[in-house]
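# Survey of secondary and tertiary structure
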Amino acid sequence: MTALTRIQAARSARFYAGRVLMGFAMVAIVVFAGAPFVWMVLASLQPLPNLLGAQMDVFAFGDATIENYVRIVTEKGYLQWFLNSMIVCAVVVGANLVFDSLIAYPLARMRFAGQKVVLLLVIAAIMIPAQVILVPLYVQMRDLGWLDSYAALIAPYIVSPTGIFLLRQTFMSLPRELDEAAFIDGASRLRTLWSVLIPNSLAMYGTLAVLKFMWTWGEFAWPSLAINSAELRTIPVGLAGLRSQFSTQWDLLMAGSVLAILPVLLLFAFLQRYFVAGLTSGAVKG
Amino acid sequence: MAARRGGVIGRRRENLTAWAFLLPGLIPLVAFLYWPLGHAFGLSFFQWNLLGEPRFVGTLQYERLLTSDTFRQSLYVTAVYTVGVSVVAYGLSLGTAVLLNRGLRIVRWVRTVSLLPAIIPMVVAGVIWKFIYEPTGGPLNQVLGVFGIDGPAWLQNPQLALPAVMVVSVWKDFGIYMLVLLGGLQQIPREIEEAAAIDGASDWQRFWRVKFPMLGAANLFVLVLLIFNAFKVFDQVWVMTEGGPGNATLTIITFLYTRLLTDVGFAAAGTTVLFLLVLIPLSLQILARRKATA
């Protein structure tokens, strides 16, 4: 063996050792991130006795049943929770797309009195954690008579500082000539926003819609405070309720959890690009 | 554009149009965010249980907070949680980002799976992990049993409950931080790395001496996010332990949540303190930005 081939052999041995190590690391990450989902799905198919104490056996495929799914829908009113979550999400996402655009547009393209103050209000709002205002929000909704209603679930979320900020950045990145042209043709401000800026920012709108849906879908602390009646529960509130009664109803909880993440997973499967963009740019919830 | 509608009248019209755009969204933003924020501060000087009239008590609530052992415990728990989750989540996400910063096809799959926990509701994450942590027969202890280890009661043990909750938080969000760091890594020009390689730098040196320093902005963003998110942790704690056993996992928000409706002024004072704490990582970021641009 010449010196050169020996060096090459040593190099490739190290190369393959590196590859194997990398492979192990990747498998470890996938198992850590993914295994809990596998357990959840397997457990959701087992009758309660197989999920308790020493008899716990999620791999008892012989006992597998969809009974849990049937029961959480028929006995616990899962469809109602689902409907509530969907209504709240639809209104919140829709309202956000409208209101966020209406604030982002003047901030990006117009000059008006108070512009700096409005921009500051929006950016500072991104940094206010929702948890800080739980107490006064409760008092406020009580005084308005909105507690225990859709209004309480929706109102605090209909405009998103993060959304405004992201849209403003997107609008500002578009060439001004685009809307100048529309302007010269005599289009109004609203018209310009609607037929020039929005069609050119669709990717950001997709990101925003996905992000806001995901956040609203998972919202827990405020809804569980604001809602009392069983028929107004959203999915997270309903699920958390299954946990505290006497002992934990793992069979129903696991089936409910699978159903709860199904819509987000479906969206993720089809719109992964928007999720990836949203998770990084909207990493601060707001 | 402003030029086209020059003059005082044009400017006034522009103002009117702008505010007509702003108001529909600005009103709810102020009404449901800024007004409550100010109200929380105001309420923190009153004693109130939601019934009857609030009674002005000056700074009594802040004195109660500072002398409350439970509040101190919650500060301690939150501090431990913040440091622990930040260190572990940062390490894991940086390692994953480095691993995934290659053109292999399998990389996309690993990235996708790492992101799954980040998109599901926090409550569901808490439920799944509470199941995994079940003391007898729970999946984790079954796996440990294979290796002959008699697994403990994770969430019922005061020493283990907090680390167990922290693992869930790391699991939930490391994918997001990984994504941010991966974005940072991908922005480093290839030529720089190649130049270092030609100069004979090892993989290890290339990473720590060349790439890592260039991650500055992404690193800082992730750090601020980690601290910011850790300060306000609630959902997973509430679902898994409700702050127990014996206040071992009682984070600030978890503590205040139990007082919210019976001791309004006290909870308001607590959230005001929390808000001030949250300003720390944010001012850190602003300071660092200043330094970077100066």
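What counts, and where the lines are drawn
- Residues numbered from 1 in each chain as written.
- Chains lettered and ligands numbered in written order.
- Predicted model: local features only at pLDDT ≥ 70, side-chain atom pairs only at ≥ 80, totals over all residues.
- Heavy atoms only, no water.
- Buried < 20%, exposed > 50% of the residue type's maximum accessible area, 1.4 Å probe, protein only.
- Helix = DSSP H or I, 4+ residues; strand = E, 2+ residues; numbered from the N terminus.
- Domains from an automatic or database assignment.
- Contact = heavy atoms within 4.5 Å.
- Buried area = accessible area lost by both parts, 1.4 Å probe.
- Salt bridge = Lys/Arg side-chain N within 4 Å of Asp/Glu carboxyl O.
- Core = buried A, V, L, I, M, F, W, Y, C linked by side-chain atoms within 4.5 Å.
- Polar contact = N/O pair within 3.5 Å; in protein donor to acceptor, adjacent residues only side chain to side chain.
- UniProt positions renumbered as here; feature names shortened; annotations may be inferred.
- Nonpolar A, V, L, I, M, F, W, Y, C, P; charged D, E, K, R; others polar.
- Axes fitted to C-alpha atoms, helices over the stretch in contact; angles between N-to-C directions.
- Left-handed = near helix turned anticlockwise from the far one by under 90°.
- 1 Å grid on protein atoms, 1.4 Å probe; cavity = no way out; pocket = protein on both sides within 12 Å on 5 of 7 lines; lining within 4 Å.
- Points joined across faces, edges and corners; volume = space filled by probe spheres on them.
- Phe/Tyr/Trp six-rings, centres within 6.5 Å; stacked < 30°, edge-to-face > 60°.

## Looking at helix 5 (residues 122-132) of chain B
For an α-helix the count is 3.6 residues per turn, leaving residues at separations of three or four pointing the same way. Burial analysis of helix 5 of chain B places eleven of its eleven residues in the buried class, the great majority of the element. Of all the residues in helix 5 of chain B, the buried ones are M122, V123, V124, A125, G126, V127, I128, W129, K130, F131 and I132 of chain B.

## Focus on the environment of V31 of chain A
The residue V31 of chain A is located in helix 1 (residues 3-44) in this model. V31 of chain A sits 115 residues away from W146 of chain A along the chain, and the two C-alpha atoms are 45 Å apart.

## Looking at the domain arrangement of chain B
Residues and elements named next belong to chain B. Assigned domains within chain B: domain 1 (7-56) and domain 2 (63-293). Tallying the contact residues gives ten residues for domain 1 and eleven residues for domain 2. Both faces combined, the contact of domain 1 with domain 2 buries some 740 Å², and carbon together with sulfur accounts for 64% of it. Of all residues in domain 1, S44, W48 and L50 bury the most surface against domain 2, accounting for 41% of the area lost on that side. At the junction of domain 1 with domain 2, the criterion picks out zero salt bridges.

## Quick word on the nonpolar core
A general tendency of soluble globular proteins is for nonpolar side chains to be buried together. If you look at the biggest cluster of nonpolar residues, it comprises 186 residues, and the most contacted ones within it are W222 of chain A together with I119 and I120 of chain B. At 16 residues, helix 7 (residues 161-186) of chain B tops the list of elements feeding residues into this core. Excluding anything up to four places from it in sequence, W222 of chain A contacts L134, L137, Y138, M141, A152, P156 and Y157 of chain A.

## Quick word on the domain arrangement of chain A
All names here are of chain A. According to the domain assignment, chain A contains domain 1 (3-67) and domain 2 (74-281). Taken over C-alpha atoms, the centre of domain 1 sits 35 Å from the centre of domain 2. Opposite the nine residues of domain 1 that make contact, domain 2 presents seven residues. Counting each side, the surface lost to burial between domain 1 and domain 2 is near 650 Å², with a carbon and sulfur contribution of 84%. In terms of surface lost to domain 2, no three residues of domain 1 exceed M40, S44 and L48, which account for 61% of the buried area on that side. Seen at the junction of domain 1 and domain 2, the total is zero salt bridges. At the junction of domain 1 and domain 2, the tally comes to zero residue pairs in polar contact (both at pLDDT 80 or more).

## Considering the UniProt feature "transmembrane region" (unreviewed entry) in chain A
Residues and elements named next belong to chain A. Under the present numbering, the feature "transmembrane region" (unreviewed entry) in UniProt falls on residues 20-42, 81-105, 117-138, 150-171, 192-215 and 252-271. Helix makes up 73% of residues 150-171 and strand 0%, and the two end C-alpha atoms of the span are 32 Å apart. Counting secondary structure, residues 252-271 comes out at 95% helix and 0% strand; the distance between its end C-alpha atoms is 29 Å.

## Brief notes about unusual backbone geometry
Residue and element names in this part refer to chain B. Going from G244 to P245, the amide bond is cis rather than trans, its omega being -10 degrees. As for its position among the elements, P245 is in the loop between helix 11 (235-240) and helix 12 (252-259). Backbone geometry places E242, a non-glycine residue, at a positive phi of 55 degrees. Examined against the element boundaries, E242 turns out to sit in the loop between helix 11 and helix 12. On the basis of relative accessible area, E242 is assigned to the partly exposed category, the value being 39%. The backbone of N247 shows a phi angle near 65 degrees, a positive value even though the residue is not glycine.

## With respect to the interface of chain A and chain B
With 93 residues of chain A in contact, the opposing surface of chain B contributes 89 residues. Both sides of the chain A and chain B interface together cover about 8,400 Å² of buried area, and 79% of this is carbon and sulfur. Applying the counting rule to chain A against chain B returns one salt bridge. In this structure, the salt-bridge partner of R189 of chain A is E14 of chain B, at a minimum N-O distance of 2.9 Å. For the pair chain A and chain B, the number of links is 15 residue pairs in polar contact (both at pLDDT 80 or more). In terms of residue class, the side of chain A that touches chain B is built from 74 nonpolar, eleven polar and eight charged.

## Let's talk about the environment of V117 of chain A
All names here are of chain A. For V117, the location among the structural elements is in helix 4 (residues 115-126). Judged by its relative accessible area of 53%, V117 falls in the exposed class. Separated by 48 residues in the primary sequence, V117 and Y69 have C-alpha atoms spaced 51 Å apart.

## Some points on the packing of helix 3 (residues 78-109) of chain A against helix 1 (residues 7-43) of chain B
One way to put it is that helix 3 of chain A packs onto helix 1 of chain B with a least axis distance of 8 Å and a crossing angle of 140 degrees. Considering how the two elements wind past one another, helix 3 of chain A and helix 1 of chain B form a crossing that is left-handed. Here F99, L102, I103, Y105 and P106 of chain A of helix 3 of chain A come into contact with helix 1 of chain B, specifically with A18, F21, L22, P24, G25 and L26 of chain B. Across the contact of helix 3 of chain A with helix 1 of chain B, the residue classes tally to ten nonpolar, one polar and no charged.

## Describing the layout of surface pockets
One number sums up the size of the largest pocket: a volume of about 1,300 Å³. Taken together, 30 residues make up the lining of the largest pocket; nearest its centre are M22 of chain A together with R102, E193, D203 and R206 of chain B. Every element with two or more residues in the lining of the largest pocket is listed here: helix 1 of chain A together with helix 3 (69-100), helix 7, helix 8 (190-198) and helix 9 (203-214) of chain B. Sorting elements by how many residues they give to the lining of the largest pocket places helix 1 of chain A first, with nine residues. The residue makeup of the lining of the largest pocket, split by class, is 14 nonpolar, six polar and ten charged.

## Some remarks on empty space enclosed by the protein
Gaps between atoms show up when a probe of the same size as a water molecule is rolled over them. Residues and elements named next belong to chain A. Applying the stated criterion across every chain, the model contains three cavities of 30 Å³ or more. A volume near 70 Å³ is recorded for the second largest cavity. Together, S85, V88, C89, L153, Y157, T216, W217, E219, P223 and T234 line the second largest cavity. Elements that contribute at least two residues to the lining of the second largest cavity include exactly helix 3 and helix 10 (202-218). No other element matches helix 3, which puts three residues into the lining of the second largest cavity.

## What to know about the packing of aromatic side chains
A full pass over the atoms with the stated rule returns 28 aromatic pairs over all chains. Relative to F174 of chain B, the ring of F32 of chain A lies with its centre 5.9 Å away and its plane at 40 degrees, an arrangement referred to as tilted. Taken together, the positions of F32 of chain A in helix 1 and F174 of chain B in helix 7 put the pair across two chains. Classification of F32 of chain A as partly exposed rests on a relative accessible area of 26%.

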